[in-house]
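Tertiary structure, described
Spelled out, the chains give:
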Amino acid sequence: MKVEPIKPNVGARVYVDPATLADPDVAAACREALDQYGVLVFPRIGITDEQQLAFTDPLGGRVDYSKKVDGGKAGTEDVYTVTLNPEINSQREYVTGTFFWHIDGLHQPTRVLPKATCLSARRIAPKGGDTHFSNLYAAYEALPEDLKAEIEGVSVRHSLGNYLSAIVEEPTEEELARWNSNVENTWPVVWKHESGRTSMIIGVTVHKALGMDLASGLSLLHRLQE
């Protein structure tokens, strides 16, 4: 297994035999590399859904956020097909919602953030379609000290319903009911990791900064997002 850094702050390419992906030693090495680089890219590895799941499980328990979503569930169980093809995905707003900076699962009723999201590129768009990543350790470390002090202790409410309502024109009552059935969740903006490192928890799902009026809170969060 070879790990090759891509950029100073984020990303590494991993070269490994696909047949070894379910090996516990490979999983341990990938977890270590993930902590260091944030994003791991396996160039042209060409794995199946079953191989991807076999790789996922040694990394940690599966968290399937799309179990209640009809769209994109036409293939292998526990694998969500990311597509805007209406014949496959009847609820495409969940895909268009990922066009903007976000962290998966912030609105879900859990106190544990997902370790990682595993994606496989099966059919590449002829134009666009790139997935971008940001290192929120580096983002936090680069903040001026007065802004770090301002956001210390601030908690933020995340809501899928409020966010999707802002990007879908004229949503139906059925759509609004489905989006709002996803409960809200609250996270601190400043996140202390078990490793001792500090990052931020932000994204377009933010709805309100607790303890602040709505406009002031959203203004602060937009500054962080930019």
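Scroll up to find the structure.
Residues numbered from 1 in each chain as written. Predicted model: local features only at pLDDT ≥ 70, side-chain atom pairs only at ≥ 80, totals over all residues. Heavy atoms only, no water.

Turning to the sheet that holds strand β1 (residues 2-5), a few remarks are in order. Read from one edge of the open sheet, three strands run β1-β2-β3, paired in mixed fashion. Pairing within the sheet leaves two strands with one partner each, and these edge strands are β1 and β3 (40-41). Summarising the sheet, β1 and strand β2 (residues 12-15) pair through four bridges and their orientation is antiparallel. Counted as the bridge partner of P5 is A12 from β2. (Pairing = 2+ DSSP bridges. Helix = DSSP H or I, 4+ residues; strand = E, 2+ residues; numbered from the N terminus.)

Where helix α1 (residues 24-37) contacts helix α2 (residues 49-59), the two axes come as close as 9 Å, and the packing angle between them is 70°. Put simply, α1 runs roughly perpendicular to α2. Relative to α2, α1 is oriented so that their crossing is right-handed. Across the interface between the two elements, A27, C30 and R31 from α1 touch F55, P58 and L59 from α2. Across the contact of α1 with α2, the residue classes tally to five nonpolar, no polar and one charged. (Axes fitted to C-alpha atoms, helices over the stretch in contact; angles between N-to-C directions. Parallel < 35°, antiparallel > 145°, perpendicular 65-115°, else oblique. Left-handed = near helix turned anticlockwise from the far one by under 90°. Contact = heavy atoms within 4.5 Å. Nonpolar A, V, L, I, M, F, W, Y, C, P; charged D, E, K, R; others polar.)

What follows covers the sheet that holds strand β5 (residues 185-188). Taken together, three strands build an open sheet; the order of strands is β5-β4-β8 and the sheet is antiparallel. Sheet topology places β5 and β8 (206-209) at the edges, where each strand pairs with a single neighbour. Strand-to-strand twist across the sheet, computed as the mean angle between neighbouring axes with direction ignored, equals 30°. Bridge count between strand β4 (residues 155-158) and β8: three bridges; the pairing is antiparallel. If you follow R157 over to β8, its bridge partner there is K208. Together, β4 and β8 form the strand contacts of helix α8 (residues 214-225), whose direction differs from that of β8 by roughly 120°.

Side chains bearing opposite charge may pair, as long as their charged atoms lie close to each other. Evaluated as defined, the whole model comprises 10 salt bridges. Residue D57 pairs with R62 through a salt bridge whose shortest N-O separation is 2.7 Å. Between E145 and K148 there is a salt bridge whose closest N-O contact spans 3.4 Å. With E145 and K148 both in helix α5 (residues 145-151), this residue pair falls three residues apart, about one helical turn. On the basis of relative accessible area, E145 is assigned to the exposed category, the value being 59%. (Salt bridge = Lys/Arg side-chain N within 4 Å of Asp/Glu carboxyl O. Buried < 20%, exposed > 50% of the residue type's maximum accessible area, 1.4 Å probe, protein only.)

Applying the stated rule across the entire model yields three aromatic pairs. With 5.5 Å between their ring centres and 70° between their planes, F42 and F55 make a pair best called edge-to-face. Of this pair, F42 sits in the loop between β3 and α2 while F55 sits in helix α2; the two residues are 13 residues apart in sequence, bridging distant segments of the chain. Comparing F42 with F55 shows no difference in burial state: the two are buried. With 6.5 Å between their ring centres and 90° between their planes, F100 and Y163 make a pair best called edge-to-face. With F100 in the loop between α3 (93-96) and α4 (136-141) and Y163 in helix α6 (residues 160-167), the pair connects residues that are 63 residues apart, well separated along the chain. Judged by its relative accessible area of 41%, F100 falls in the partly exposed class. Given the relative accessible area of 9%, Y163 is considered buried. (Phe/Tyr/Trp six-rings, centres within 6.5 Å; stacked < 30°, edge-to-face > 60°.)

This paragraph deals with the environment of A28. Here A28 lies in helix α1. A28 sits in the partly exposed class, given a relative accessible area of 34%. In this structure the C-alpha to C-alpha distance between A28 and L59, which are 31 residues apart in sequence, comes to 7.4 Å.

Before going further, it helps to spend a moment on the nonpolar core. Core analysis: the largest hydrophobic core is formed by 16 residues, its most contacted members being L143, I151, V189, M200, L221 and L224. For this core, the element with the highest residue contribution is α8, accounting for three residues. (Core = buried A, V, L, I, M, F, W, Y, C linked by side-chain atoms within 4.5 Å.)

Remember, this is a structural readout, not a statement about activity or role.
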